[in-house]
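Overview (structure and organization)
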Amino acid sequence: METAPKPGRDVPPKKDKLQTKRKKPRRYWEEETVPTTDGASPGPPCNKKNRELRPQRPKNAHILKKSRISKQPQVPKKPREWKNPESQRSLSGAGLGSSPLPRSKAKTRSRLEVAEAEEEETSIKAARSELLLAEEPGFLEGEDGEDTAKICQADIVEAVDIASAAKHFDLNLRQFGPYRLNYSRTGRHLAFGGRRGHVAALDWVTKKLMCEINVMEAVRDIRFLHSEALLAVAQNRWLHIYDNQGIELHCIRRCDRVTRLEFLPFHFLLATASETGFLTYLDVSVGKIVAALNARAGRLDVMSQNPYNAVIHLGHSNGTVSLWSPAMKEPLAKILCHRGGVRAVAVDSTGTYMATSGLDHQLKIFDLRGTYQPLSTRTLPHGAGHLAFSQRGLLVAGMGDVVNIWAGQGKGSPPSLEQPYLTHRLSGPVHGLQFCPFEDVLGVGHSGGVTSMLVPGAGEPNFDGLESNPYRSRKQRQEWEVKALLEKVPAELICLDPRALAEVDVISLEQGKKERIERLGYDPEAKAPFQPKPKQKGRSSTASLVKRKRKVMDEEHRDKVRQSLQLQQQQQQKEAKAKSTGARPSALDRFVR
Amino acid sequence: RRWAELVPESSWSPAVGASKMKVKMLSRNPDNYVRETKLDLQRVPRNYDPTLHPFEVPREYVRALNATKLERVFAKPFLASLDGHRDGVNCLAKHPKNLATILSGACDGEVRIWNLTQRNCIRTIQAHEGFVRGICTRFCGTSFFTVGDDKTVKQWKMDGPGYGEEEEPLHTILGKTVYTGIDHHWKEAVFATCGQQVDIWDEQRTNPICSMTWGFDSISSVKFNPVETFLLGSCASDRNIVLYDMRQATPLKKVILDMRTNTICWNPMEAFIFTAANEDYNLYTFDMRALDTPVMVHMDHVSAVLDVDYSPTGKEFVSASFDKSIRIFPVDKSRSREVYHTKRMQHVICVKWTSDSKYIMCGSDEMNIRLWKANASEKLGVLTSREKAAKDYNQKLKEKFQHYPHIKRIARHRHLPKSIYSQIQEQRIMKEARRRKEVNRIKHSKPGSVPIVSEKKKHIVAVVK
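It should be emphasised that the depicted structure is a prediction, and the values quoted were computed from it without experimental measurement.

To continue, consider the UniProt feature "domain: BING4 C-terminal" (unreviewed entry) in chain A. As annotated in UniProt, the feature "domain: BING4 C-terminal" (unreviewed entry) corresponds to residues 420–498 of chain A in the numbering used here. Helix makes up 16% of residues 420–498 of chain A and strand 28%, with an end-to-end C-alpha separation of 33 Å.

Structural data, given as structure tokens:
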């Protein structure tokens, strides 16, 4: 592996390559009106230097700027796994106390302390609310350590209750296959489109058909927009948008020869990857193209979104995966994943792991938290053509007409690739895969039609009624739609760390301070030199005054020396550590100065 | 068999086939998630898992932006104008017991009592000849005092005269000199007037209990401290603010400023803090224990500040200025958070913050009393619990994201009349020139020979004890 030279990276670079473009630091409000201008980064996080300097915090860690409103806890207050706040805080490495507020005033500091205490309290409360969750996740266990992969669908269907058994079905559609499919965000609706033009949408729980049309053109991909009422279909030439009656609403000719679609629900962006090599972002709320980025890597047909930060991952034929945001003309990062082309990419719902499979028949799982190193690798006999993650972290791979599912130790852990959790053989080669949100169901589109498989433990058992409610009524959906549109996140805010917006902007803070000093001609916050106070009669002689002054100065000097010594020691320790973990000492080391 | 305890029997069952596996599928009962009848509320199960709520910070930011925009959209502070006076309104007083009643004195000697809920005048008295210089209510709310240009102090009953009775004052005190201001003690039957000297009167007597002077200039206003009720403050036209203790015969101390102070107001929550409205366009908040440096200099007006009044919370105060606007300042900020003006409002002479801290009244040159909301975008009337929750949530969001440049710009933007706007520009240039000169002087003289004087200290001439 080779890595672009990076300061402060201790891990010796190996095979994988991470390239990030170095950009001038820029504030996020600059050039916001023209988001597509080159170099307009959405914020400090997009520039690599910043990202590298900040310790990448775990996703679940305690973050300093969080709403502390107890009245309307619409925002997640607290990770569910977090039981020990103290240990997590030190893990995150940046509590409020260490937030880089240079010389913050006592008042601000006390206010921050109060806020921190409040936040802790709400976090604990939010964690306690976990007790109220009604549903338990599903599971599948073999008898006495028996391999669960040997259990076939028929056994599961036989064992579970009728309502769950009804979720397993096969649609035999040999005529127009192979099929791509997509579940709506609530997991209630399913849309699928066949290569030979067959497009259908249905409420798959009640099996009620919403529409069925033939577009008389090859269908490359199909995707629900923010609600089940709108449907984007990538057809042979152009991108079309249909409603749930099958009526064509729009034909978007600026997106032509689209191969893959992704919808970013919080930004209302439809990302399209095309044969011409362009990644185009279409804002579906206003119908404008936000950005059209040339990936300069030929035909794009591997695409996936990171649900944690809305970054688009594109797989290329040279084995790299590039990460894109609409605010940057260049990729945010490039990761060399495979020898030979990348066939499929998937990112899990916490944005921590990325699974890739390539033409070299390998399946790899990467850590996306800063290091971009592979965590585990497995060679598959035929290689996987399609990958998908479930909400609880199960990974599915479609290989020919077989799907394999791997499970991890629990939620938030990467799937272990040693032993599959379930396997299933279909009646034709797989063409599309997706886990149904909030259900233990995997949808597979293949050349023989569409299959709905039962995968116990795949779906999140407890949904949030205000975010995506499978049982919502029409009124509730309308209300949700208005709210969602009101809080549409601007496309410029897409960057690798979505929390970067809440961090203290040290650069402009220091810049402002510098300007102020320049303007005033002196530093208003500078500490005045010590002036000894005149004392009682007899003790205020010039000599004693000088003595007292000297004493204070010496004390300050000693403090400074002590601090610098400490710093030096820390640095030395760090270096020593780096050396010990580094490669074997070389004979040429003696020439290093 | 461990699972048998944890999982209800119906949700899993061992398969009958050869392999005895345990399986549980997610199977929700729709009855738990859908309301039973149309009369019920919809069920909304919540799950605070952060992975189900991605983009927390950007979404909150957008919400805060929307809330800030809506705040500006709903900012309609002007409520009513009370007209009826036939000359400029010179002084205002609040009723201590009744929120709806206010009293006003005009330049033609007329005193009017108004009802704010009905927004009409309920009583008119021709109290003095010439100006009504000062008006104050007794702490019990049964009577009020007025002083006028005719050298008299009059006490009036709050209720009107009975049928067939004449409108007459309860008492009249004939003085030797003109009185320019009056204030009543907050607990006792004692009041203070000012003019050539500060006089302290017992209500039962026609001679002052004591008279205090310091220098020979006319004193423009006198105010009792609402917390430490024996303390008084006054300001005179020889540029000084004098503090007195009623229990001793001589004044306590005084501070001399660059220019004349028009009036002062004590903070109702912090006994030793008061704010002075100055002719040099600024307001100064002092701690009476350390008068040599004001706690804060409040700058935003572009003309002399004529009156100031604290909100009952003690966190903010409102100031009236000759520049035809009123401004609301937080006590600990040097810039105002709000400015109110209308096309028809002329020089504002007096201003009061009502006792429920929700409204502001101002009396101006062109004979009207105007009623404003203290919080421009506040919704009046009873809020439902959902409205209240939404309001609190938005308030917190605005607070949290207030320093973001986009949000700050929107929250700070105010429309100003052209006169004030151009004055601000002009004064900014002047101030910048003065500052530049000072910087140059420091730069080109021996280091340390030209002292750097902070803005706070600049306007204080001396403190005398």
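This part covers the interface of chain A and chain B. With 86 residues of chain A at the contact, the number on the chain B side is 53 residues. Each partner contributes to the roughly 6800 Å² buried at the junction of chain A and chain B, and carbon and sulfur atoms together form 59% of this total. Where chain A meets chain B, there are 8 salt bridges. In this structure, the connection of chain A to chain B is made through 25 residue pairs in polar contact (both at pLDDT 80 or more). Of all the secondary structure elements, the ones that give two or more residues to the side of chain A that touches chain B are α3 (106–128), β2 (139–141), α4 (153–159), α5 (162–165), α6 (474–486) and α7 (506–520) of chain A. In terms of residues, the side of chain A that touches chain B owes the most to one element, α4(A), which gives 4 residues. Looking at side-chain class alone, the side of chain A that touches chain B contains 38 nonpolar, 19 polar and 29 charged residues. Where β2(A) and strand β1 (residues 22–24) of chain B come together, 3 bridges link them in antiparallel fashion.

Attention now moves to the sheet that holds strand β26 (residues 338–340) of chain B. All names here are of chain B. An order of β23-β24-β25-β26 is seen for the 4 strands of this open sheet, with the pairing classed as antiparallel. In the strand order of this sheet, the two ends are held by β23 (305–310) and β26, each with one partner. Adjacent strand axes in the sheet meet at a mean angle of 20 degrees when their direction is disregarded. Bridging between strand β25 (residues 326–330) and β26 involves 3 bridges; their strand directions are antiparallel. Opposite R327, over in β26, you have V339 as the bridge partner.

A few words on the nonpolar core. L279(A), Y281(A), I312(A), L314(A), L323(A) and M354(A) are the most contacted members of the largest nonpolar core, which has 52 residues in total. The element best represented in this core is helix α2 (residues 56–73) of chain B, accounting for 5 residues. Counting contributing residues per domain, this core is built from domain 1 (146–175 + 340–467) and domain 2 (177–336) of chain A, each supplying no fewer than three. Residues contacting M354(A), with those up to four places away along its chain left out, are H313(A), V321(A), I335(A), C337(A), V345(A), A346(A), V347(A), K364(A), I365(A), F366(A) and L368(A).

All names here are of chain B. Here, the residues flagged by UniProt with the feature "repeat: WD" (unreviewed entry) are residues 82–124, 298–339 and 341–382. End-to-end, the C-alpha atoms of residues 298–339 are 13 Å apart, and along that stretch the chain is 0% helix and 50% strand. Measuring from the first to the last C-alpha atom of residues 341–382 gives 27 Å, for a span that is 0% helix and 43% strand.

The next subject is the packing of α2(B) against helix α3 (residues 385–400) of chain B. Residue and element names in this part refer to chain B. Two elements in contact, α2 and α3, have axes whose closest approach is 9 Å; the angle formed by their N-to-C orientations is 105 degrees. Comparing the axis directions of α2 and α3 gives the class roughly perpendicular. Contacts between α2 and α3 pair E60, R63, A64, A67, T68 and E71 from the former with Y393, N394, L397, K398 and K400 from the latter. In terms of residue class, the contact of α2 with α3 is built from 4 nonpolar, 2 polar and 5 charged.

Residues and elements named next belong to chain A. In space, the 4 strands of this open sheet follow the order β20-β21-β22-β23, with antiparallel pairing throughout. Sheet topology places β20 (342–347) and β23 (374–379) at the edges, where each strand pairs with a single neighbour. Neighbour to neighbour, the strand axes of the sheet diverge by 15 degrees on average, direction disregarded. Alignment of strand β22 (residues 362–367) against β23, held across 5 bridges, turns out to be antiparallel. The partner of K364 across the bridge, within β23, is T377.

Residues and elements named next belong to chain B. Burial within strand β5 (residues 110–115) is extensive, with 6 of its 6 residues counted as buried. Direction of pairing for strand β4 (residues 101–106) relative to β5: antiparallel, over a ladder of 5 bridges. Bridge pairing in β5 links S104 to R112. Connecting β4 to the next strand, β5, in antiparallel fashion are 3 residues, including G109 with a positive phi near 85 degrees. Relative to strand β6 (residues 120–126), β5 runs antiparallel, the two being bridged by 6 bridges. The partner of E110 across the bridge, within β6, is Q126. With antiparallel pairing between neighbouring strands as the criterion, β5 and β6 make up a hairpin whose turn holds 4 residues, including R119 at a positive phi of roughly 60 degrees.

Before going further, it helps to spend a moment on the state of the cysteines. Residues and elements named next belong to chain B. All chains considered together, the criterion is met by 0 disulfides over all chains. Looking at C121, it has no disulfide partner, and the nearest cysteine sulfur is the one in C91, 14 Å off. Since its relative accessible area comes to 24%, C121 is described here as partly exposed.

Residue and element names in this part refer to chain A. Partitioning chain A into domains gives domain 1 (146–175 + 340–467) and domain 2 (177–336). Computed over C-alpha atoms only, the centres of domain 1 and domain 2 are separated by 20 Å. Between domain 1 and domain 2, the contact holds 45 residues from the first and 36 residues from the second. In this assembly, domain 1 packs against domain 2 so that about 2900 Å² is buried in total across both faces, 68% of it on carbon and sulfur atoms. Interface area lost by domain 1 to domain 2 is led by V342, H431 and Q434, which between them contribute 19%.

Side chains of K535(A), R539(A), K547(A) and K551(A) sit close together on the surface and give a patch of like positive charge. Counting through the fold element by element, K535(A) comes out in the loop between α7 and α8 (542–581).

Cut-offs used in this document
Residues numbered from 1 in each chain as written. Chains lettered and ligands numbered in written order. Predicted model: local features only at pLDDT ≥ 70, side-chain atom pairs only at ≥ 80, totals over all residues. Heavy atoms only, no water. UniProt positions renumbered as here; feature names shortened; annotations may be inferred. Helix = DSSP H or I, 4+ residues; strand = E, 2+ residues; numbered from the N terminus. Contact = heavy atoms within 4.5 Å. Buried area = accessible area lost by both parts, 1.4 Å probe. Salt bridge = Lys/Arg side-chain N within 4 Å of Asp/Glu carboxyl O. Polar contact = N/O pair within 3.5 Å; in protein donor to acceptor, adjacent residues only side chain to side chain. Nonpolar A, V, L, I, M, F, W, Y, C, P; charged D, E, K, R; others polar. Pairing = 2+ DSSP bridges. Axes fitted to C-alpha atoms, helices over the stretch in contact; angles between N-to-C directions. Core = buried A, V, L, I, M, F, W, Y, C linked by side-chain atoms within 4.5 Å. Buried < 20%, exposed > 50% of the residue type's maximum accessible area, 1.4 Å probe, protein only. Domains from an automatic or database assignment. Parallel < 35°, antiparallel > 145°, perpendicular 65-115°, else oblique. Disulfide = S-S within 2.5 Å. Patch = residues over 30% accessible without salt bridge, like charges linked within 9 Å, V, L, I, M, F, W, Y side chains within 5 Å. Areas by Shrake-Rupley, 256 points an atom, 1.4 Å probe, with all protein chains shown as cover. Lys, Arg positive; Asp, Glu negative; His and termini not counted. Charge placed at Lys NZ, Arg CZ, Asp CG, Glu CD.

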